[in-house]
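A closer look at the structure
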Amino acid sequence: MSTSTPTLEVRPAVARPSGPRRAAARRWALKLAGAIGLLWAVGTIVFLLGNLVPGDPAVAVLGGASQHPTPEAVAAVRAAYGFDDPLVVQYLHHLAGLARFDFGESYTFKQPVVEVIGSQFGPTLVLTVSALVTAWVLSVASTLLTAGRSRWATTVGSGVEVVAAALPQFWLGLVLLVVVAAKLQWLPVIDNGVAGLVLPTLTLAIPLAGFLGQVTRD
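Residues numbered from 1 in each chain as written. Predicted model: local features only at pLDDT ≥ 70, side-chain atom pairs only at ≥ 80, totals over all residues. Heavy atoms only, no water.

Under an unreviewed UniProt entry, the name given to the protein is ABC transporter permease, and the organism recorded is Kineococcus endophyticus. Its UniProt record gives the protein a comment under Subcellular location (unreviewed entry), which states: "Cell membrane". (UniProt positions renumbered as here; feature names shortened; annotations may be inferred.)

Quick look at the UniProt feature "domain: ABC transporter type 1 GsiC-like N-terminal" (unreviewed entry) in the protein
Mapped onto this numbering, the UniProt entry gives "domain: ABC transporter type 1 GsiC-like N-terminal" (unreviewed entry) at residues 32-121. Strand forms 0% of residues 32-121 and helix 66%; the C-alpha atoms that close the span are 26 Å apart. (Helix = DSSP H or I, 4+ residues; strand = E, 2+ residues; numbered from the N terminus.)

A short note on the packing of helix α7 (residues 169-183) against helix α8 (residues 195-217)
Contact pair α7 / α8: the axes reach a minimum separation of 9 Å and the direction vectors enclose 135°. Between α7 and α8, the interaxial angle falls into the category oblique. Handedness of the crossing formed by α7 with α8: right-handed. Residue-level inspection shows Gln169, Leu172, Gly173, Leu176, Leu177, Val180 and Ala181 of α7 in contact with α8, the latter providing Leu199, Leu202, Thr203, Leu204, Ile206 and Pro207. Looking at side-chain class alone, the contact of α7 with α8 contains 10 nonpolar, three polar and no charged residues. (Axes fitted to C-alpha atoms, helices over the stretch in contact; angles between N-to-C directions. Parallel < 35°, antiparallel > 145°, perpendicular 65-115°, else oblique. Left-handed = near helix turned anticlockwise from the far one by under 90°. Contact = heavy atoms within 4.5 Å. Nonpolar A, V, L, I, M, F, W, Y, C, P; charged D, E, K, R; others polar.)

A word on the UniProt feature "transmembrane region" (unreviewed entry) in the protein
This chain's UniProt record puts "transmembrane region" (unreviewed entry) on residues 28-49, 125-147, 159-182 and 194-213. Helix and strand shares over residues 28-49 are 100% and 0% respectively, and the end C-alpha atoms of the span are 31 Å apart. End C-alpha to end C-alpha, residues 125-147 measures 32 Å, and it is 96% helix and 0% strand.

Details of the nonpolar core
Residues Leu172, Leu176, Val180, Ala181, Leu187 and Leu199 constitute the largest nonpolar core, which totals six residues. Residue contributions to this core peak at four residues, all from α7. The contact partners of Ala181, leaving out residues within four places of it in the chain, are Leu176, Leu187, Pro188, Val189 and Leu199. Counting residues in each nonpolar core, the second largest holds five residues, with Ala58, Val59, Val61 and Val77 among its members. (Core = buried A, V, L, I, M, F, W, Y, C linked by side-chain atoms within 4.5 Å. Buried < 20%, exposed > 50% of the residue type's maximum accessible area, 1.4 Å probe, protein only.)

Notes on the layout of surface pockets
Looking at the largest pocket, its volume works out to about 1000 Å³. In terms of lining, the largest pocket is formed by 28 residues, of which the most central are Phe83, His94, Phe103, Gly104 and Tyr107. Mapped by element, the contributors of at least two residues to the lining of the largest pocket are α1 (19-52), α2 (57-61), α3 (71-81) and α4 (87-99). Sorting elements by how many residues they give to the lining of the largest pocket places α4 first, with five residues. For the lining of the largest pocket, the class distribution of residues is 13 nonpolar, 10 polar and five charged. (1 Å grid on protein atoms, 1.4 Å probe; cavity = no way out; pocket = protein on both sides within 12 Å on 5 of 7 lines; lining within 4 Å. Points joined across faces, edges and corners; volume = space filled by probe spheres on them.)

A short note on the packing of aromatic side chains
Applying the stated criterion across every chain yields a total of two aromatic pairs. Aromatic side chains Tyr81 and Phe83 sit 5.6 Å apart centroid to centroid with 10° between the ring planes, which places their arrangement in the stacked category. The ring of Trp28 carries Lys31 above its face, with NZ or CZ at 5.0 Å from the centroid. (Phe/Tyr/Trp six-rings, centres within 6.5 Å; stacked < 30°, edge-to-face > 60°. Lys NZ or Arg CZ within 6 Å of the ring centre and 35° of its normal.)

Things to note about the side chain of Thr203
Position of Thr203 relative to the elements: it lies in helix α8. With relative accessibility at 13%, the residue Thr203 sits in the buried group. Sequence-distant contacts of Thr203, defined by excluding residues within four places in its chain, comprise Gln169, Leu172, Gly173 and Leu176.

Okay, structure coming up:
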């Protein structure tokens, strides 16, 4: 009497993408699609706002109606910038330029918009960092000097932070400019050095310091 041993067929394992990887890829795809959709919406809104502004853009390029441009000059500008094209064609050209990171030419500076933004990127970054650091220093100093002290000191500190957080930056900037620069003449009105950075930094930092001080105190 003989017995036979059953044999098992071994199949090569097939690598399949795991569930977490598929989920992560789906999330990244959704984020990418959302970012592209947001950029498209912003570009569309900018295009519509530019076309809804009253006046002739060709006249604006030539300096406005006060310059009394000739009809020939206006016609030449319209042809050069494509203002004579149908609105749909202008919109498609606008989207194509955004896809190539070509934001057109500044009508005021007569330079590409990318170059105008790039020339101001460094000073803007310096101002932003200095304002953030100053705001944190002011908020931490206010909290350490008044929090946990007497009731009077805590009330004064909280009141100062509330007032600072409510200050409009455009109003605060004018006040600092008139009082500190024009009246007291402690700082220059316009300066390309460190002194010219003080007033803009305080203008941005003081309201932010009020908000951060409230959060830090809590």
